[in-house]
Structures are given as C-alpha cells and as structure tokens.
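Reading the structure
This is what each chain is made of:
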Amino acid sequence: LERQEHPEALLHLSFIASREGRHRDALALTERVLSVGVGQAPNLIGGLLQRLRTFNQSEAMRDWLAGATFLKDMPSPQMQVSVSAQLSWLGDHEGAVGFLDRALAMAPNAAQLHLAKAQMRMFQGRFDEAERGILECLRLAPDRAEAWWTLAGLRKWTREDNHVDAIRKVLASGRANPGER
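To start, this report covers the structure provided alongside it. Keep in mind that this is a model prediction, so the values were computed, not measured. (Residues numbered from 1 in each chain as written. Predicted model: local features only at pLDDT ≥ 70, side-chain atom pairs only at ≥ 80, totals over all residues. Heavy atoms only, no water.)

Here's the deal with the overall build of the protein
This is how the line gets drawn: Comment: elements are numbered from the N terminus, with helices defined as DSSP H or I runs of at least four residues and strands as E runs of at least two. In this description the radius of gyration comes from C-alpha coordinates, and the expected globular size is given by 2.2 Å times residues to the power 0.38. Throughout, exposure labels follow a simple rule: accessible area from a 1.4 Å probe, protein chains only, divided by the maximum for the residue type, with under 20% read as buried, over 50% as exposed, and the rest as partly exposed. For this analysis, residues touch if any pair of their heavy atoms sits within 4.5 Å. For the accessible areas, the method is Shrake-Rupley and the probe is 1.4 Å, while residue cover comes only from the protein chains on display. Asp and Glu count as negative and Lys and Arg as positive, but His and the ends of the chain are not part of the count. Taken as the charge centre is NZ of Lys, CZ of Arg, CG of Asp or CD of Glu, depending on the residue.
When you go through the protein residue by residue, the secondary structure sums to 10 helices and zero strands. Listing every helix and strand of the protein by position from the N terminus yields α-α-α-α-α-α-α-α-α-α. In terms of overall size, the protein is more extended than a compact globule, its C-alpha atoms giving a radius of gyration of 20 Å where 181 residues would be expected to give roughly 16 Å. Along the three orthogonal principal directions, the C-alpha set of the protein runs to about 65 × 30 × 25 Å. For the protein, the proportion of its 181 residues judged to be buried stands at 39%. A fraction of 50% describes how many contacts in the protein between residues 6 or more apart in sequence connect residues 24 or more apart. About 10,500 Å² of surface is accessible on the protein, with carbon and sulfur atoms providing 52% of the total. When the 23 positive and 22 negative side-chain charges of the protein are each reduced to one mean point, those points stand 4 Å apart.

Dropping the structure here:
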C-alpha cells in the first residue's frame, strides 16, 4: 500500500504511523497525500486538514486551502465549519467567517453556527456583531450553557444590566441540560 498513490490509504497509514510513534514517517505520508491530491471527497479533505494541523504544517495548509477554491461550493455545512476552524487556527478569522456564513446559509437554525461566528467576531473585536450572534444562538437554543458563558464574558455587566434573570428562567423551565447546570 505505501507504494501506491491512493490518498485514502496514505492518510490511514499516516494515522497508523503516528500511533506507532513514527512521526517523521507520518508527516512524509501526509505530504504525499498533498502531492497526490484528495479531489473533492469530504472525508479525505477533513483528514488531510487534521493531519496538516497535527504536524503544525500551517504554510502547507494555507497553500492547499488557497488552491482549493471548490471548498466554497461544497454543499455540506460540516465541511464549511471544518474549513472555518482551520482558517481560524491559521489566524484568518475573516476567511473563517465567510465559511461560517455559507454554513449558516445551509443551516440557518443551527445554534452552534451562530455561536461559532459570534466567537470569531469576538476575536476580531467586533463585539456588537458578536452579541447579536450569541443572542441568536440563545433564541434558537436557550439552554446552551456555552452561549450564556460566552455572553457573560463579552462585556462588563453591572448589577442593573445583566442576563442573570434570563439564565434563572431557563434553569427553572427544566429545559436546561442537567449536565450543564
């Protein structure tokens, strides 16, 4: 298998080499996947991005993403989110927001996507946009503890201006996930 130029097999071999502690071999196999290409197969794209991140190959990832213009047209919100996460890791928060916007166009009621975009906006210092995103997440999923926590850290709240009553209301409604109370 190692002599073949089959990207899926090469990715699997890279994972195996890593688990065996052969990190240089694993990196070399990942680099071969880059040279062979993964086409437009979502499972291979996700695996390749994960391997590049594992080996801290940010330049290779940045170059690959720049050339993979087809990613913007992929009909999978999960793929859009996956690419967004990698762009955020690379420090390209505006590019990451673009992929989140495409994911939101496909899944507008996905509360987690609104929260992810809000967190990107926080990184950019765009706090009003971040707050709107968090509030939309909470409108869709009022029991999402992570959103409440993010909202709590967004601004300096006062005794008069806060969201404690809203949190108490969610907790009292019984809708809150018991593991998040």
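There is more to say, and it comes next.
Brief notes about helix 3 (residues 42-54)
Inclusion rule: Given a helix with a known number of residues, its expected span is that number minus one, times 1.5 Å.
For helix 3, with 13 residues, the first-to-last C-alpha span of 18 Å sits near the 18 Å given by 1.5 Å per residue. Turning to helix 3, its buried residues number three or more, namely Leu44, Ile45, Gly47, Leu48, Leu49, Arg51 and Leu52. Structurally, helix 3 contributes buried residues whose contacts are with helix 1 (7-19), helix 2 (23-36), helix 4 (58-67) and helix 5 (77-89).

Here we look at the environment of Arg32
Among the structural elements, Arg32 can be located in helix 2. Residue class for Arg32 comes out partly exposed when judged on its relative accessible area of 25%. Between the C-alpha atom of Arg32 and that of Ala152, which follows or precedes it by 120 residues, the distance is 45 Å.

Notes on helix 6 (residues 93-106)
Between its first and last C-alpha atoms helix 6 spans 20 Å; for 14 residues at 1.5 Å apiece the expected length is 20 Å, and the two agree. Of the residues making up helix 6, those classed as buried are His93, Ala96, Val97, Gly98, Phe99, Leu100, Ala103 and Leu104. On its buried side, helix 6 packs onto helix 5 and helix 7 (111-123).

A word on the side chain of Glu131
Positionally, Glu131 belongs in helix 8 (residues 127-140). When its relative accessible area of 19% is taken as the criterion, Glu131 is described as buried. In contact with Glu131, other than residues within four places in its own chain, are Leu151, Leu154, Arg155 and Trp157.

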